[in-house]
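Listed below are the residues making up each chain.
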Amino acid sequence: MQDAMPSLSNQPIAPESLWPLICDAIRQKVGEAAYQSWLRQLYFLKCEGSALVLAAPTRFIKDWIRTHYLDQIKELAYNLNNRIYDVEIVVRANETSQISAPSPIIAPSPPASGQENRFFTQTTSDNVNEEDISAPLDPRMVFDNFVVGKSNELAYAAARRVADSTQVQFNPLFLYGGVGLGKTHLMHAIAWHIRNRDPQRRVIYLSAEKFMYLFIRALRFRDTVAFKEQFRTVDVLMIDDVQFIAGKDSTQEEFFHTFNALVDQNRQIIISADKSPSDLDGMEDRMKSRLGWGLVADIHPTTYELRLGILQSKAEQCQTDISPKVLEFLAHKITSNIRELEGSLNRLLAHATLVGRQINLEMTQEVLQDLLRANDRRITIDEIQKAVADHYNVRVADMHSARRSRVVARPRQVAMYLAKNLTTHSLPDIGRKFGGRDHTTVMHAIRKVDELKSTDISLVEDIAILMRALKC
Ligand code: ADP
Ligand code: MG
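Residues numbered from 1 in each chain as written. Chains lettered and ligands numbered in written order. Predicted model: local features only at pLDDT ≥ 70, side-chain atom pairs only at ≥ 80, totals over all residues. Heavy atoms only, no water.

Along the protein, the regular secondary structure elements total 20 helices and 8 strands. Counting only residues that meet the buried cut, the protein has 54% of its 472 residues in that class. Pairs at least 24 apart in sequence give 75% of the contacts found in the protein among residues at least 6 apart. A total of about 20600 Å² of accessible surface is found on the protein, and carbon and sulfur atoms cover 49% of it. (Helix = DSSP H or I, 4+ residues; strand = E, 2+ residues; numbered from the N terminus. Buried < 20%, exposed > 50% of the residue type's maximum accessible area, 1.4 Å probe, protein only. Contact = heavy atoms within 4.5 Å. Areas by Shrake-Rupley, 256 points an atom, 1.4 Å probe, with all protein chains shown as cover.)

In structure tokens, the structure reads:
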């Protein structure tokens, strides 16, 4: 539940309003780099029965999104409107995604200079052209909007140093830390800074996933020479989330050569990952050692002071009066990461705007129920299965078994329902925990329980008892 925007009233959200909300949620979920590389290129076409129909600019992008993101899109759509349980993607070559790109709720502050952003190009054909390789930069992700605290001061100082210097001092700069802690923000900030100061320098920023996609595409179109050329003539190369290419041998090999070629020419490389170079499983040893050659800076989990500072700065940016009590409450409660913290503030703002209410503590607790719970205590699916099995007097093994008799099928459905509502696991994840079932089975179970709850009082009581037993 944590990843989806809540239904802002109890009504399901109208199909045509779904897409911007899904985009917002998926952006929180997959991170800025992957969002900008892929999902931003999709746009809403129509709703057909239970299916949301989206368009992608090329077949290749469509296939990529289908393989990597379709389940997540389906799940988010379903969370927002339980009549939508399918998502189709078609190819529409000549249109751009701008039409339905959601506008961020927190107003962007413009980058330091008003120049055209030459990286804001969209890929609309299958031919690689020079600007295709860099992903768009988020105008909000600049140094001025980055709040510095104990946990990120080293990474910040290193990023500033690289952005300010005209000579390569450490190569690569390797930034690492958990999700949602500001790696992408710092990389974008470096890119903006260099570009504004020295527009002649060629700065390329992209996710490792997109690097792989471009490489595969070059192989497919027998265009690897052009591919190599493009990467080897940049001044500053930034690759975000490099852990993505761990275990992907030929992409890693290509990346290794690109890396070496650039280092040899004294060009700056900036890399981010979720772990330190030596902890990157699935990365070849020579790659690990290369990645650790320059400056390695880690970002630690946030502190209370940093979280509060960030909330204050975001509230200021969107010029909304939010009581300090609410901000303190959030800083205290949402401890997982900054992306979630920002997401919670966005939700409150969206809610306040849509229903015209003041943001106070009571409303905050109501709107952010699921997030607060997830941050309070991480309930596991195992615990849920055990509690449900005890309550209905069935065996825990029946939660995984293929038996379909009502005696075990209903408790299993209740357990899936609770798993969806009390944990942050995705539908496919939940399916796997229930004997390798498909996510559509889980979706069906949740709908069934939802339906039954309106007529079956004893089921409502069962769920209340189970929730208490699980201490929510
Ligand atoms: P990561 O790449 O580490 O997963 P991001 O850079 O995408 O995380 O950060 C997640 C969100 O939090 C972004 O919207 C980003 O702007 C914001 N954010 C992260 N760190 C800070 C910070 N120190 N100050 C302000 N905003 C931040
Ligand atoms: Mg990131």
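As a further point, take unusual backbone geometry. Of note, the amide linkage connecting Asn-171 to Pro-172 takes the cis form, showing an omega dihedral of -5 degrees. Residue position: Pro-172 is located in the loop between helix H4 (153–164) and strand E4 (173–177). Unusually for a residue other than glycine, Asp-241 sits at a positive phi of about 55 degrees. Asp-241 sits in the partly exposed class, given a relative accessible area of 22%. Phi is positive for Asn-266, close to 60 degrees, though the residue is something other than glycine.

We now examine the sheet that holds strand E5 (residues 203–207). Spatially, E5-E6-E7-E4-E8 is the arrangement adopted by the 5 strands of the open sheet, whose pairing is parallel. At either margin of the open sheet sits one strand with a lone partner, and together these are E5 and strand E8 (295–299). Sheet twist, expressed as the average angle between the axes of neighbouring strands with direction ignored, equals 15 degrees. Strand direction decides the pairing type here: E4 and strand E7 (residues 268–273), joined by 4 bridges, are parallel. Residue pairing for E7: Leu-173 is matched across the bridge by Ile-270. Contacts from helix H5 (residues 183–197) reach E4, E5, strand E6 (236–240), E7 and E8, with the element oriented near 160 degrees to E6. Relative to the sheet, helix H8 (residues 249–264) contacts E6 and E7, its axis offset from that of E7 by approximately 140 degrees. (Pairing = 2+ DSSP bridges. Axes fitted to C-alpha atoms, helices over the stretch in contact; angles between N-to-C directions.)

So, about the packing of aromatic side chains. Throughout the structure, instances matching the rule amount to 13 aromatic pairs. Between Trp-38 and Trp-64, the ring centres sit 5.1 Å apart and the planes meet at 20 degrees, which makes this aromatic pair stacked. Of this pair, Trp-38 sits in the loop between helix H2 (32–37) and strand E1 (43–48) while Trp-64 sits in helix H3 (residues 59–80), and the two are 26 residues apart along the sequence. Overall, the relative accessible area of 7% leaves Trp-64 in the buried class. For the pair Phe-146 and Tyr-156, a centre-to-centre distance of 5.8 Å together with 5 degrees between the ring planes defines the contact as stacked. Taken together, the positions of Phe-146 in the loop between strand E3 (86–91) and H4 and Tyr-156 in helix H4 put the pair 10 residues apart, joining distant regions of the chain. (Phe/Tyr/Trp six-rings, centres within 6.5 Å; stacked < 30°, edge-to-face > 60°.)

Moving on, we come to the confidence of the model for the protein. Within the protein, residue pLDDT values average 85, and 88% of them lie at 70 or more. Segment residues 1–10 is flagged for pLDDT under 50; beyond a separation of four residues in sequence, or across chains, it makes 37 contacts in the model. With pLDDT under 50 throughout, residues 96–130 is counted as low confidence; its partners more than four residues away or in other chains account for 91 contacts. (pLDDT = per-residue confidence, 0-100.)

Turning our eyes to something else, we now look at the packing of helix H6 (residues 208–220) against helix H7 (residues 224–232). Where H6 contacts H7, the axes come no closer than 8 Å and their chain directions differ by 145 degrees. Here H6 contributes Phe-211, Leu-214, Phe-215, Ala-218 and Leu-219 to the contact with H7, which in turn contributes Thr-224, Phe-227 and Phe-231. When grouped by side-chain class, the residues that make up the contact of H6 with H7 number 7 nonpolar, 1 polar and no charged. (Nonpolar A, V, L, I, M, F, W, Y, C, P; charged D, E, K, R; others polar.)

Our next topic: the sheet that holds E3. Spatially, 3 strands are ordered E1-E2-E3 in an open sheet, and the strand pairing comes out mixed. Among the strands making up the open sheet, the edge pair consists of E1 and E3. Between one strand and the next, the sheet's axes are offset by a mean angle of 30 degrees, whatever the strand orientation. Two elements, strand E2 (residues 51–56) and E3, share 6 bridges in a ladder whose sense is parallel. Paired with Val-53 across the strands is Glu-88, a residue of E3. Strands in contact with H3 are E2 and E3; relative to E3, the strand with the most contacts, it is inclined by about 160 degrees.

Let us look at the site of ligand 1. Taken together, 18 residues surround ligand 1, and among them Gly-180, Thr-184, His-185, Arg-339 and Glu-342 come closest. Burial of ligand 1 by the protein amounts to 95% of the accessible area it has alone, namely 550 Å². Mapped by element, the contributors of at least two residues to the shell around ligand 1 are H5, helix H10 (304–317) and helix H12 (338–355). (Near = heavy atom within 4 Å.)

In this structure, Leu-39, Leu-52, Ile-73 and Val-242 are the most contacted members of the largest nonpolar core, which totals 61 residues. For this core, the element with the highest residue contribution is H3, accounting for 10 residues. Setting aside residues no more than four positions away along its own chain, Val-242 makes contact with Phe-174, Ala-208, Phe-255, Ile-271, Ser-272, Ala-273, Leu-280 and Met-283. (Core = buried A, V, L, I, M, F, W, Y, C linked by side-chain atoms within 4.5 Å.)

Glancing now at the pattern of salt bridges. Following the criterion strictly, the structure yields 19 salt bridges and no others. With a closest N to O distance of 3.9 Å, Asp-164 and Arg-160 form a salt bridge. In this pair, Asp-164 and Arg-160 are both assigned in helix H4, 4 residues apart and thus about one turn of the helix distant. By relative accessible area, which is 42% here, Asp-164 ends up partly exposed. As a salt-bridge pair, Glu-366 and Arg-357 come within 3.8 Å of each other at their nearest N and O atoms. Sharing partners across several salt bridges, the network here consists of Arg-27, Glu-32, Asp-138 and Arg-140. (Salt bridge = Lys/Arg side-chain N within 4 Å of Asp/Glu carboxyl O.)

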